[in-house]
Amino acid sequence: MNGLIFDIKEFSIRDGEGIRTTVFFKGCPLRCAWCHNPEGLSPTPELWADSARCRECGLCRKPCEHEDCKPFGRCLHICPQNLVRQVGKYYTPHELAARLRRQKPMFDAMGGGVTLSGGEPLLQADFCAELLGELGGDIHKTLETSGYASPRDFARIIHLCDFVIMDIKLMDDDAHRRLTGVSNEQILSNARYLIESGVEHLFRTPLIPGITDTQENLQAIAAFIGSEPIELLPYNDLAPAKYAAVGRTYSLEIDPLKKETPDLSLFQNATLRK
Ligand code: SF4
Ligand code: SF4
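The shown structure was predicted, so the numbers you read here are calculated from the model rather than taken from an experiment.

**Q** What is the right way to look at the site of ligand 2 in this model?
**A** The environment of ligand 2 is made up of C28, L30, C32, C35, L41, G119, S146 and K169. For the shell around ligand 2, the per-class residue count stands at five nonpolar, two polar and one charged.

Written out as structure tokens, the structure reads:
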């Protein structure tokens, strides 16, 4: 069995406790209008071409004989500025676990571990289960998830992890469907399960101006989670820059005047990421 991974980021301080290595799974069933990882959406390998910096020299468009270039119709190895590459690499659970386990001394020294993120790791739940098993019981494991998964996959993977970070984006189901492409019904049901599961966890809400950061939405989230811990994430306005590189268009228009300072007093146990 293979898993498709689009990035492995070492020394991450944002994806759980301590200094971590974050593994980004390629493929997500959601289409959040504000997504800041457009290269993680498609569940297949794809071409990344940084057209903003391209000098149109044409070298990468000439025919080449490399097997790995054939699916993309561009040479991945000739650009003098390294502007063209494949996003998405297949690993077996054993290969990836062996690579991650080499960092155990660093995890031990820094109180960190491995975080599975994406995209949506639970879209590759069988691979996650094998990888988590191969990592063994002596490495701290965190899952970052949208929560959009079957109850069976959600339950079996969270119980293989030490910590779960799960998004709650929008409480209104119509708005959730319109802005993420899916209903929030399954997500909220999995969130309830997580609360009862005994697995240590943190909810997260990205603060998208005029969309998720409204008083109405935050109040509804606060009522849903009660005293559960939640982290509010400021809007990442670097997101649009990556879209063109994978042939997508960022169509969300953010009105800076709609940016709210979230009212933390709505929540019993909230922090705002700086
Ligand atoms: S080789 Fe690099 S600079 Fe030349 S056309 Fe291709 S991407 Fe652009
Ligand atoms: S769940 Fe995350 S990765 Fe998936 S579309 Fe939304 S923001 Fe992007």
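**Q** Sorry, what's going on with the site of ligand 1 here?
**A** Ligand 1 sits among C54, R55, E56, C57, G58, L59, C60, R74, C79 and V84. Tallied by class, residues from the shell around ligand 1 come to six nonpolar, one polar and three charged.

**Q** Could you clarify how one ought to interpret the packing of helix α3 (residues 125–135) against helix α4 (residues 151–158) in this entry?
**A** Any two packed helices are characterised by the angle at which their axes cross and by the distance between the axes. In contact at an axis separation of 10 Å, α3 and α4 are set at 15° when each is read in the N-to-C sense. Classified by the angle between their axes, α3 and α4 sit roughly parallel to one another. Remark: the crossing between α3 and α4 carries left-handed chirality. Within the contact between the two elements, α3 uses A125, D126, C128, A129 and L132 and α4 uses D153, R156 and I157. For the contact of α3 with α4, the per-class residue count stands at five nonpolar, no polar and three charged.

**Q** Before we go on, may I ask you to explain the pairing of strand β8 (residues 163–167) in this structure?
**A** Side-chain direction in a regular strand flips from residue to residue, so the side chains alternate between the two faces of the sheet. Burial runs high along β8: five of the five residues are buried. With four bridges connecting them, strand β7 (residues 140–145) and β8 associate as parallel partners. By the bridge assignment for β8, T145 is matched with M166. Here β8 pairs with strand β9 (residues 200–207) via five bridges, running parallel.

**Q** Looking at this model, I keep getting lost on unusual backbone geometry. Mind explaining?
**A** Peptide bonds are mostly trans, and most non-glycine residues show a negative phi. Cis geometry is found at the peptide bond from G118 to G119, where omega equals 15°. In the Ramachandran plot, F11 falls in the positive-phi region, its phi being about 60° despite a non-glycine side chain. Of note, F11 is situated in strand β1 (residues 3–12). The exposure class of F11 is exposed, given its relative accessible area of 56%. Unlike most non-glycine residues, N82 shows phi in positive territory, near 55°. Examined against the element boundaries, N82 turns out to sit in the loop between β3 (46–49) and β4 (84–87). A relative accessible area of 63% places N82 in the exposed class.

**Q** How do you make sense of helix α5 (residues 173–180) when you look at a structure like this?
**A** Of the positions making up α5, those classed as buried are A175, H176, L179 and T180. When α5 is viewed along its axis, its buried side chains cluster within an angular range of 100° and face the same direction. Those residues of α5 that are exposed and aimed more than 90 degrees away from the buried face are D174 and R178. In this structure, the buried side of α5 is in contact with α6 (185–197). Regarding α5, its N-cap is D172, as a side-chain oxygen of that residue lies 3.2 Å from the backbone nitrogen of D174 further along. Count one or two residues on from α5 and you reach G181, which has phi positive near 90°.

**Q** Mind showing me how you'd approach the packing of aromatic side chains here?
**A** A ring pair, where both rings are aromatic, is described by two values, the distance of the centres and the angle of the planes. Tallied over the full model, the rule gives four aromatic pairs. Their ring planes at 75° and their centres at 6.5 Å tell us that F154 and Y193 sit as a pair that is edge-to-face. One end of the pair, F154, is in helix α4; the other, Y193, is in helix α6, with 39 residues separating them in the sequence. With a relative accessible area of 0%, F154 lands in the buried category. Pairing Y243 with Y250 gives two aromatic rings, centres 4.9 Å apart and planes at 70°, and the pair type is edge-to-face. Taking NZ or CZ as reference, R85 lies 4.8 Å from the ring centre of W48, over its face.

**Q** I would appreciate a short explanation of the pattern of salt bridges in the present structure.
**A** Opposite charge on two side chains permits pairing when their charged atoms draw close. Scanning the entire structure with this criterion turns up 14 salt bridges. With its nearest N and O atoms 2.9 Å apart, the salt bridge here joins R101 to D138. Here R101 is found in helix α1 (residues 93–101), whereas its partner D138 is found in the loop between α3 and β7, with 37 residues between them in sequence. The exposure class of D138 is partly exposed, given its relative accessible area of 41%.

Conventions used here
Residues numbered from 1 in each chain as written. Chains lettered and ligands numbered in written order. Predicted model: local features only at pLDDT ≥ 70, side-chain atom pairs only at ≥ 80, totals over all residues. Heavy atoms only, no water. Near = heavy atom within 4 Å. Nonpolar A, V, L, I, M, F, W, Y, C, P; charged D, E, K, R; others polar. Axes fitted to C-alpha atoms, helices over the stretch in contact; angles between N-to-C directions. Helix = DSSP H or I, 4+ residues; strand = E, 2+ residues; numbered from the N terminus. Parallel < 35°, antiparallel > 145°, perpendicular 65-115°, else oblique. Left-handed = near helix turned anticlockwise from the far one by under 90°. Contact = heavy atoms within 4.5 Å. Buried < 20%, exposed > 50% of the residue type's maximum accessible area, 1.4 Å probe, protein only. Pairing = 2+ DSSP bridges. Arc of directions from axis to C-beta. Polar contact = N/O pair within 3.5 Å; in protein donor to acceptor, adjacent residues only side chain to side chain. Phe/Tyr/Trp six-rings, centres within 6.5 Å; stacked < 30°, edge-to-face > 60°. Lys NZ or Arg CZ within 6 Å of the ring centre and 35° of its normal. Salt bridge = Lys/Arg side-chain N within 4 Å of Asp/Glu carboxyl O.

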